[in-house]
Amino acid sequence: MEMNTWMEDAALNEWNYSFKEADGTVWTINLEPWYESMDGPWEAKLVSDKKSFGLCFPGRYVGDGDLDRLKEDAIRRTAALFPGVAFPQNSLTSRHMIRYIADEAHFKEVIERASKVKRSLWIGTADIKDLYVEERPFLGILADLIKGGKEVRLIHAKEPGPNFREDFDRYPVLFTGLERVLCPRVHFKMMIFDYSMAYIGSANLTGAGIGMKSARTRNFEAGIITDDPELVEAATSQFDSVWAGFKCKDCGRKSFCGDPIINR
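Residues numbered from 1 in each chain as written. Predicted model: local features only at pLDDT ≥ 70, side-chain atom pairs only at ≥ 80, totals over all residues. Heavy atoms only, no water.

Participant: Let's hear about the packing of aromatic side chains: which residues, and what values?
Facilitator: Under the counting rule described, the total for this entry stands at 8 aromatic pairs. A centroid spacing of 5.1 Å and a plane angle of 70 degrees characterise the contact between Phe19 and Phe82, whose relative ring orientation is edge-to-face. With Phe19 in strand β2 (residues 14-20) and Phe82 in the loop between α1 (67-81) and α2 (89-92), the pair connects residues that are 63 residues apart, well separated along the chain. A residue is classified by how much of its surface remains accessible, and Phe19, at 3% relative accessible area, is buried. For Phe82, a relative accessible area of 9% corresponds to the buried category. By the ring-pair criterion, three or more aromatic residues cluster together here, those being Phe19, Trp27, Phe53 and Phe82. Lys71 extends its terminal NZ or CZ atom over the ring of Trp15, reaching a point 3.6 Å from the ring centre. (Phe/Tyr/Trp six-rings, centres within 6.5 Å; stacked < 30°, edge-to-face > 60°. Helix = DSSP H or I, 4+ residues; strand = E, 2+ residues; numbered from the N terminus. Buried < 20%, exposed > 50% of the residue type's maximum accessible area, 1.4 Å probe, protein only. Lys NZ or Arg CZ within 6 Å of the ring centre and 35° of its normal.)

Participant: Can you break down the sheet that holds strand β11 (residues 179-182) residue by residue, with the values?
Facilitator: Strands pair in a sheet through their backbones, by hydrogen bonds, and they do so in one of two ways: parallel or antiparallel. Strand order in the open sheet made by the 7 strands is β6-β14-β13-β12-β7-β10-β11, with mixed pairing throughout. Single-partner strands in this sheet number two, and they are β6 (98-102) and β11. Ignoring strand direction, the axes of neighbouring strands in this sheet form an average angle of 10 degrees. Across 5 bridges, the pairing between β6 and strand β14 (residues 222-226) is antiparallel. (Pairing = 2+ DSSP bridges. Axes fitted to C-alpha atoms, helices over the stretch in contact; angles between N-to-C directions.)

Participant: Talk me through the environment of Asp259; I want residue IDs and the actual numbers.
Facilitator: Structurally, Asp259 is set in the segment after α8 (229-243). Residues within four places of Asp259 in sequence aside, it is in contact with Arg180 and Leu182. (Contact = heavy atoms within 4.5 Å.)

Participant: Residue-level account of the side chain of Glu221, with values.
Facilitator: Mapping Glu221 onto the fold places it in the loop between α7 (207-210) and β14. Polar contacts involving the side chain of Glu221 include one to the side chain of Asn219, which spans 3.2 Å. Apart from residues lying up to four places away in sequence, Glu221 is in contact with Ile101, Ala102, Asp103, His106, Ser202, Ala203, Ala208 and Gly209. (Polar contact = N/O pair within 3.5 Å; in protein donor to acceptor, adjacent residues only side chain to side chain.)

Participant: So what's going on with empty space enclosed by the protein? Which residues, and what values?
Facilitator: For the structure shown, the criterion picks out 3 cavities of 30 Å³ or more. By volume, the largest cavity is sized at about 70 Å³. The element contributing the most residues to the lining of the largest cavity is helix α4 (residues 138-147), with 3 residues. For the lining of the largest cavity, a count of residues per class yields 10 nonpolar, no polar and 2 charged. Space inside the second largest cavity adds up to approximately 40 Å³. Considering the residues around the second largest cavity, the lining is formed by Ile123, Gly124, Thr125, Lys189, Met190, Met191, Tyr199, Ala203, Asn204, Leu205 and Ile210. Sorting the residues of the lining of the second largest cavity by element identifies β7 (120-125) and β12 (189-193) as the ones contributing at least two each. (1 Å grid on protein atoms, 1.4 Å probe; cavity = no way out; pocket = protein on both sides within 12 Å on 5 of 7 lines; lining within 4 Å. Points joined across faces, edges and corners; volume = space filled by probe spheres on them. Nonpolar A, V, L, I, M, F, W, Y, C, P; charged D, E, K, R; others polar.)

Participant: Can you explain the nonpolar core? Please cite residues and give values.
Facilitator: Membership of the largest hydrophobic core comes to 34 residues, with the highest contact counts inside it found for Leu121, Phe138, Leu142, Leu174, Met191 and Phe193. Mapped by element, the contributors of at least two residues to this core are α3 (105-114), β7, α4, β10 (151-156), α5 (162-168), β12 and β13 (197-201). With 7 residues, the top contributor of residues to this core is α4. Sequence-distant contacts of Leu174, that is, excluding residues within four places in its chain, are made with Leu139, Leu142, Ala143, Ile146 and Phe168. Trp6, Tyr17, Phe19 and Val85 belong to the second-largest nonpolar core, a separate cluster that totals 19 residues. (Core = buried A, V, L, I, M, F, W, Y, C linked by side-chain atoms within 4.5 Å.)

See below:
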């Protein structure tokens, strides 16, 4: 069976991929932005001459750079719905990255990536200290992101020490722009970059955990960096459930919480 490739409709800013079932029904995978004049967010649906329904994915597809990933995910999801159709194998090969990182690799893979986000950075950490990037506080990088219109969210379990607070005061934009939640039960360590990539591991937001300390003195850390949509969505959902206070109602540690998300 001859298969079509992705076809662009420049006038509508859409992408379409057509295929045929054994009974002759022709289906089209249709990708389109929510607004014709924008690069995204993108959504996908399956359309035939008889019916139409949406394709749901765990990942979020926002800009033009996410379009290739959406195309591959749409093909894989459709192949699962139509096992009798021979989709091209190269379209079914996952290019999602899951990379194990250890020790000092955290600095390059996590901290450097955090400084380059285009839309948002979510940080979850148990301990938090005055982390430096070369000669500059990491707080300065967060301040630059906020000034550039990026969303920065921070969940931490402990109040930071005096050095952190002193550097915090150097960047007034952090007072109004940094979105922060304190939760003493948080022990996860994660960063979510642009809703499309995540770090999940053992490293706290400290110099010994994720910064540039000597190899002889820094912690032994391990984690993964991934753009797998299911893992990113799982991390995003856990972060969001704490952030929104969904865990507060039944929490048994309220007496230890100095800054409750929800006061009830």
